[in-house]
Amino acid sequence: VYKACPSLTETQQCVMEYSLPLVLPGIFYVQSLSPFGLNFCFAIVAVHTLETLLTDFGKTASSLCACSVISPLAHYLIDCFWLHSLITTMLLVPQRFVANDTDDVRNVIYTAILLIQTIPIYLSVCFKSNYANYQQYDQNKSAEKIGFLIVHCFIWFWISTYFIAISSFAGQKNLLKASILMLNVLPLALTGWYYQNVSSKKPNKAKV
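Residues numbered from 1 in each chain as written. Predicted model: local features only at pLDDT ≥ 70, side-chain atom pairs only at ≥ 80, totals over all residues. Heavy atoms only, no water.

Draft legend 1. The packing of aromatic side chains, seen in detail. Tallying each qualifying case throughout the model produces 10 aromatic pairs. Ring centres of Phe36 and Phe97 lie 5.2 Å apart, and the angle between their planes is 70 degrees; this geometry places the pair in the edge-to-face category. You can see Phe36 sitting in helix α3 (residues 35–53) and its partner Phe97 sitting in the loop between α4 (72–92) and α5 (106–134), a full 61 residues away along the chain. Under the relative-accessibility criterion, Phe97 is labelled buried at 0%. When the centroid spacing of 5.4 Å and the interplanar angle of 35 degrees are considered together, the rings of Phe148 and Trp193 count as tilted. Remark: Trp193 occurs in helix α7 (residues 173–197) and Phe148 occurs in helix α6 (residues 139–170); sequence separation between them is 45 residues. Judged by relative accessible area, Phe148 falls into the partly exposed class, the value being 40%. An aromatic cluster is defined as three or more aromatic residues linked by ring pairs; in this entry it consists of Phe28, Phe36, Phe40 and Phe97. It is Arg96 that lies over the ring of Phe36; its NZ or CZ is 4.1 Å from the centre. (Phe/Tyr/Trp six-rings, centres within 6.5 Å; stacked < 30°, edge-to-face > 60°. Helix = DSSP H or I, 4+ residues; strand = E, 2+ residues; numbered from the N terminus. Buried < 20%, exposed > 50% of the residue type's maximum accessible area, 1.4 Å probe, protein only. Lys NZ or Arg CZ within 6 Å of the ring centre and 35° of its normal.)

In structure tokens, the structure reads:
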């Protein structure tokens, strides 16, 4: 699993962070969702660009950033917050995202479920890239731990997706709220596990 997951250099991470959020308004435009949804996406692009300007992705990417205020791990968590806020709003008040009152809100739910599937991919690449760029030590044990984390990242997001889909289409509001809470806690739990079991164990930076 560790070998199958791609990783990015410091510069590649930085470029990805500047460009990736631009996909959001594109998705909403293609899906013909409401101006409220499009404005939400553009707001995420704006604040995320500022966040990236303040993130320390390493010396090789320093020319692409204004200053080093935010660590990469903190950046991953903040990214999840922006996307999770959008997904949560889409699931709880899908009617705000339809262009016309006669449009089917199921299209909004399908889009939210699609966005959820991008999160474990993003986090898996970020965790491996963070290790590869900053924390190359005890490679066999760490690779095993990161592989374990990647597998569980997908498993837990798929579980939350299952319950969100069931509760959304069955109209089970309480189950939906519980499933969304689980979804929103996952990035914090996974990043915390990575920090405790991999990131905080390094004796020093082996690669800068």
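Draft legend 2. Expanded view of the side chain of Lys128. Take Lys128: it is sitting in helix α5. The buried charged residue Lys128 lacks any salt bridge, with Glu144 as its nearest oppositely charged partner at 15 Å. For Lys128, the side chain forms a polar contact with the main-chain oxygen of Cys5, separated by 2.6 Å. Beyond its immediate stretch of four places on either side in the chain, Lys128 contacts Tyr2, Lys3, Cys5, Pro6, Ser7 and Ile146. (Lys, Arg positive; Asp, Glu negative; His and termini not counted. Salt bridge = Lys/Arg side-chain N within 4 Å of Asp/Glu carboxyl O. Polar contact = N/O pair within 3.5 Å; in protein donor to acceptor, adjacent residues only side chain to side chain. Contact = heavy atoms within 4.5 Å.)

Purely spatial values, then, with no claim about function.
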